[in-house]
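Each chain is listed here by its residues.
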Amino acid sequence: MRLTVAQAVVRFLANQWTERDGVEQRTIPGCFGIFGHGNVAGIGQALLQAHRTGEADLPYHLARNEQAMVHAAAGFARMRNRLSTLACTASIGPGSTNMLTGAALATVNRLPVLLLPSDVFATRVANPVLQELEDPGSYDVSVNDAFRPLSRFFDRVWRPEQLPSALLGAMRVLTDPAETGAVTIALPQDVQAEAHDFPDELFVKRVWHVARPPAERAAIGRAAAVIRAAQRPLLIAGGGVVYAEASEALDRFARATGIPVADTQAGKGALSWDHPNSVGGVGSTGTPVANRLAREADVVIGVGTRYSDFTTASRTAFANPGVRFVNVNITSFDAAKQAATTVVADAREGLAALTEALRGFHYEGDHGESVAAWQRQVDAAYHLGHGPVPAQSEVIGAVNEACGERDVVVQAAGSMPGDLQLLWRARDPKQYHVEYGYSCMGFEIAGALGIKMAAPDREVFALVGDGSYLMMAQEIVTAVSEGIRLVVVVVQNHGFASIGALSESVGSQRFGTRYRFRDPETGDLDGRPLPVDLAANAESLGAHAIRCRTIDDLTAALKAARDTDRLTVVHIETDPLSPVPSSESWWDVPVAEVAELESTKQARVRYDEARRRRRSHL
Ligand SMILES: Cc1ncc(C[n+]2csc(CCOP(=O)(O)OP(=O)(O)O)c2C)c(N)n1
Ligand SMILES: [Mg+2]
């Protein structure tokens, strides 16, 4: 079949399918992009031709920022449990390097995204081309080499003959849950438009089976022996439980064994918040209940978790001197963490096998009363009656109470991820979407766009801090043009509540964390408030904006947003200093070892004290 390389890419992608548990779906049902001279005549022409002829169509979505379109693809992939994602085409140079942050986010979160950055001329006939960065020491290096360390698969197609192997390699990694992440195929601008006789069989429908590797029997035996010997076991459910759709298996495991279940940011919702075994989030922003259990646990069973420092409270969460770990994970890399007894397996398969192997074992947990007391604290935080402007916990409460079981909340950075992990009551495994692997400011609106595209029947609420909004709000325009309805709640607190509090705790006095005019007397950026109106900004982008003063206003606005067919931005101001219940935990952020400032010196004393509790778990 004589096609250009770009036409072959599009035709191939339109024929890729994913299958798990007998259900098939398109692996790449669409393509985000921004055209420039690097891709307009290549991938751009191919997408147009596929669309016009209706043959092997790959629906095209025009994004406003390349970083954001990768976030949207990552949101889409997460909502689809990594069984499906979107492709992203970008022009050469800045268009492509804008995708780097998105690539890192996808790989950190183990989410498949297919990136097609354009590249410099393979023939070099007119180099340097516009936007080419020349390396005097190596002519085959381009800015796209920066994708290599961020991608789980990287290839550059210098010649059309290389395309089939590049495409097949890309699909293998995208659809392998143990390897997946950003997958990048760099496409030189001239090669995209070059014709070649491709074999017909490259374009037949191909179904990629997404594996559920079962656990080795001996590994289950070893893991069960450790758990059977436990006096105080605790299970930590990570994102792998959600991606493997293992909630029912986890429910059966928990009910059969009685073991309490804590969760990570990516695992929240794996069990409903009111499940008898649920003890809430664990780690730096976890609940005091889960953190007490973590401190006492002699066996910690980590399922589908990568043990980030927030989960382990920078290795201070698990304080029992004899603590041992049992990890069920699809990657040996994560399974081996904390010197665990490892079960390398799909989470659903691994949990089912462990449940079977633990038959007759039952642990009587003592968390019931403390969970009930904790839930009363959550109720209080939801209805604080804080003034003169509301507390963030009340905003979270109002959104939670406005959420139906299938509705989704989206967040990524600032003070909200911590408050959400602590306070959010998740009722469905796909309800809670906090991107906390890369915690990338600006993910929220773009990610919400991808999530809504993946699950149009769900209401999607993006909670966005003013800092995140200012970093990346432009995908509102993409959503408006695509007729995609989102509810965006902008939480205006005039700066960084999160880093402000962190700054104070490390002795840096909230320096440089407020959005203010420069004070003419002190010379610091904490003068008068700025005349910024983010609601007006959202209106100018085509959104319907509702301004709220009180939590009652917010509740009414959330209802109104649900009843309109427009993208709605709900704007509310909150107090960045409002209180939240304590996690009774720690996070390691090193403090200056020598300092002139008294605040820093005191913080260093606290730091030295706290880090003594750090364990190595070797
Ligand atoms: C892209 C990016 N840059 C910097 C950071 C570091 N950072 C984490 S939270 C934060 C402030 C977020 O401000 P805002 O969105 O207003 O949330 P708030 O802290 O006020 O809740 C910053 C700068 C980040 N996470 N992502
Ligand atoms: Mg803020």
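Structural notes, computed from the coordinates.

Conventions and cut-offs
The residue count restarts for each chain, going from 1 along the sequence in the order it is written. As a convention, the first chain written is A and the first ligand written is 1, with the rest following in written order. Two thresholds apply to this predicted model, a pLDDT of at least 70 for residue-level local features and 80 or more for giving and counting side-chain atom pairs, whereas whole-chain, interface and lining totals are computed over all residues. Note: side-chain values were computed over all heavy atoms of the structure, leaving out hydrogens and water. For Na, K and Ca the donor cutoff is 3.2 Å, while for all other metals N, O and S atoms count as donors only within 2.8 Å; water does not appear among the atoms, so some sites may look incomplete. The helix and strand labels rest on DSSP assignments: H or I over at least four residues marks a helix, E over at least two residues marks a strand, and numbering proceeds from the N terminus. Each residue is assigned to one of three classes by its accessible area relative to the maximum for its type, calculated with a 1.4 Å probe on protein chains only: buried under 20%, partly exposed between the two thresholds, exposed over 50%. By this definition, two strands are paired if DSSP reports at least two bridges between them. Here is how to tell: hold the view so the strands point away, follow the path from the first strand over the helix to the second, and if it runs clockwise the crossover is right-handed. Interaxial angle, 0 to 180 degrees, is taken between N-to-C directions of lines fitted to C-alpha atoms, where a helix line uses only the stretch in contact. Convention used here: angles under 35 degrees read as roughly parallel, angles over 145 as roughly antiparallel, angles from 65 to 115 as roughly perpendicular, and any remaining angle as oblique. Each crossing gets its hand from how the near helix is turned against the far one by less than a right angle, where anticlockwise is left-handed and clockwise is right-handed. Contacts are assigned to residue pairs that have any heavy atoms within 4.5 Å of one another. Note on residue categories: nonpolar means Ala, Val, Leu, Ile, Met, Phe, Trp, Tyr, Cys or Pro, charged means Asp, Glu, Lys or Arg, and polar means any other residue, Gly included. The salt bridge definition used is simple: a Lys or Arg side-chain nitrogen within 4 Å of an Asp or Glu carboxyl oxygen. The term nonpolar core refers to a set of buried residues drawn from Ala, Val, Leu, Ile, Met, Phe, Trp, Tyr and Cys, joined through side-chain atoms within 4.5 Å. Note on definitions. A residue lies near a molecule or strand when any single heavy atom of the residue is within 4 Å of it. Whenever two N or O atoms come within 3.5 Å, that pair is a polar contact, provided that in protein one can donate a hydrogen and the other can accept it, and provided that, for residues adjacent in sequence, both atoms are side-chain atoms. What sets the accessible areas is the Shrake-Rupley method with a 1.4 Å probe; for residues, cover comes only from the shown protein chains.

Focus: the coordination of the magnesium ion (ligand 2)
Phase 1: Around the magnesium ion (ligand 2), the donor atoms from the protein are Asp466 (OD), Asn493 (OD1) and Gly495 (O), and they sit 2.0 Å away.
Phase 2: Spacing between the donor residues of the magnesium ion (ligand 2) along their common chain follows D-x26-N-x1-G. Placement of Asp466 in helix α19 (residues 466-471) and of Gly495 in the loop between β21 (487-492) and α21 (497-505) is noted, with a sequence separation of 29 residues between them. Pair check on accessibility: Asp466 and Gly495 agree, each one buried.

Here we look at the pairing of strand β9 (residues 182-188)
Phase 1: Among the seven residues that make up β9, seven are buried, leaving the element largely enclosed by the rest of the structure.
Phase 2: Of the two faces of β9, the one lined by Ala182, Thr184, Ala186 and Pro188 and the one lined by Val183, Ile185 and Leu187 are each fully buried.
Phase 3: Pairing of strand β7 (residues 113-119) with β9, which is carried by five bridges, proceeds in the parallel orientation. Note on β9: the bridge partner recorded for Leu114 is Val183.
Phase 4: For strand β8 (residues 153-156) and β9, the ladder comprises four bridges, and the chain directions are parallel. Bridging from a neighbouring strand, Phe154 pairs with Thr184 of β9.
Phase 5: Read from β8 through helix α6 (residues 163-174) to β9, the crossover connection turns out right-handed.

Concerning the packing of helix α1 (residues 5-13) against helix α2 (residues 43-53)
Phase 1: Interaxial distance between α1 and α2 falls to 8 Å at its minimum, and their mutual angle equals 50°. Relative to α2, the element α1 is oriented oblique. Of the two elements, α1 crosses α2, and the hand of that crossing is right-handed. Here α1 contributes Ala6, Gln7, Val9 and Val10 to the contact with α2, which in turn contributes Ile43, Gln45, Ala46, Leu47, Gln49 and Ala50.
Phase 2: For the contact of α1 with α2, a count of residues per class yields seven nonpolar, three polar and no charged.

With respect to the sheet that holds strand β15 (residues 299-303)
Phase 1: What the six strands build is an open sheet, ordered β14-β13-β12-β15-β16-β17; its pairing is parallel. Sheet topology places β14 (278-281) and β17 (341-344) at the edges, where each strand pairs with a single neighbour. Neighbour-to-neighbour, the strand axes of this sheet turn through a mean angle of 20°, independent of strand direction.
Phase 2: In terms of strand pairing, strand β12 (residues 233-237) meets β15 through five bridges, oriented parallel. The partner of Ile236 across the bridge, within β15, is Gly302.
Phase 3: Running over the sheet, helix α11 (residues 288-296) touches β12, β13 (261-263) and β14 and is turned about 100° from β14.
Phase 4: Helix α14 (residues 347-357) rests against β12, β15 and β16 (324-329) of the sheet, and its axis sits at about 130° to β16.

Remarks on the pattern of salt bridges
Phase 1: Here the structure, examined in full by the defined rule, presents 36 salt bridges.
Phase 2: Note that Asp21 is salt-bridged to Arg348, the shortest N-O span being 3.3 Å. Here Asp21 is found in the loop between β2 (16-20) and β3 (23-26), whereas its partner Arg348 is found in helix α14, with 327 residues between them in sequence.
Phase 3: For Asp21, a relative accessible area of 43% puts it in the partly exposed group.
Phase 4: Salt-bridge contacts for Arg425 lead to Asp379; the nearest nitrogen and oxygen are separated by 3.1 Å. Of the two residues, Arg425 is situated in the loop between α17 (416-423) and β19 (432-434) and Asp379 in helix α15 (residues 368-382); the sequence distance between them amounts to 46 residues.

Observations regarding the pairing of strand β18 (residues 408-411)
Phase 1: Burial along β18 is two-sided: the residues Val408 and Val410 and Val409 and Gln411 are all buried.
Phase 2: For β18 and strand β20 (residues 460-465), the ladder comprises three bridges, and the chain directions are parallel. Across the sheet, the residue bridging to Val409 is Phe461, located in β20.
Phase 3: As paired elements, β18 and β19 share three bridges and run parallel to each other.

A short note on the environment of Gly30
Phase 1: Mapped onto the secondary structure, Gly30 falls in the loop between β3 and β4 (31-34).
Phase 2: Residue classification places Gly30 among the buried positions, given a relative accessible area of 1%.
Phase 3: Taking the C-alpha atoms as reference points, Gly30 and Gly93, separated by 63 residues in sequence, lie 23 Å from one another.
Phase 4: For Gly30, the contacting residues outside a window of four places in its chain are Leu58, Pro59, Leu86 and Ala87.

Examining the nonpolar core
Phase 1: If you look at the biggest cluster of nonpolar residues, it comprises 54 residues, and the most contacted ones within it are Phe32, Met69, Leu115, Tyr469 and Val488.
Phase 2: Contact partners of Tyr469, with chain neighbours within four places excluded, come to Ile445, Val464, Ile476, Val490, Leu534, Asn537, Ala538 and Leu541.
Phase 3: Of all hydrophobic cores here, the second largest spans 51 residues; its members include Ala262, Val279, Ala290 and Val378.

Description of the site of ligand 1
Phase 1: Every one of the 16 residues lining ligand 1 counts as a neighbour, but Ser415, Ser439, Asp466, Gly467 and Ser498 are closest to it.
Phase 2: Within the side chain of Asn493, an N or O atom sits 2.9 Å from an oxygen atom of ligand 1.
Phase 3: Computed on the free molecule, ligand 1 has an accessible area of 580 Å², of which 77% lies beneath the protein chains in the complex.
Phase 4: Contributions of two or more residues to the shell around ligand 1 are made by α19 and α21.
Phase 5: Of all the elements, α19 adds the most residues to the shell around ligand 1, at four residues.
Phase 6: Across the shell around ligand 1, the residue classes break down as six nonpolar, nine polar and one charged.

So, the sheet that holds β2
The strands that make up a sheet pair up through hydrogen bonds in the backbone, lying either parallel or antiparallel.
Phase 1: Strand order in this open sheet of three strands is β3-β2-β11, and the pairing throughout is mixed. Strands with a single pairing partner mark the edges of an open sheet, and in this sheet they are β3 and β11 (206-209). Adjacent strand axes in the sheet meet at a mean angle of 30°, parallel and antiparallel pairs treated alike.
Phase 2: Summarising the sheet, β2 and β3 pair through four bridges and their orientation is antiparallel. Within β3, the residue paired with Trp17 across the bridge is Arg26.

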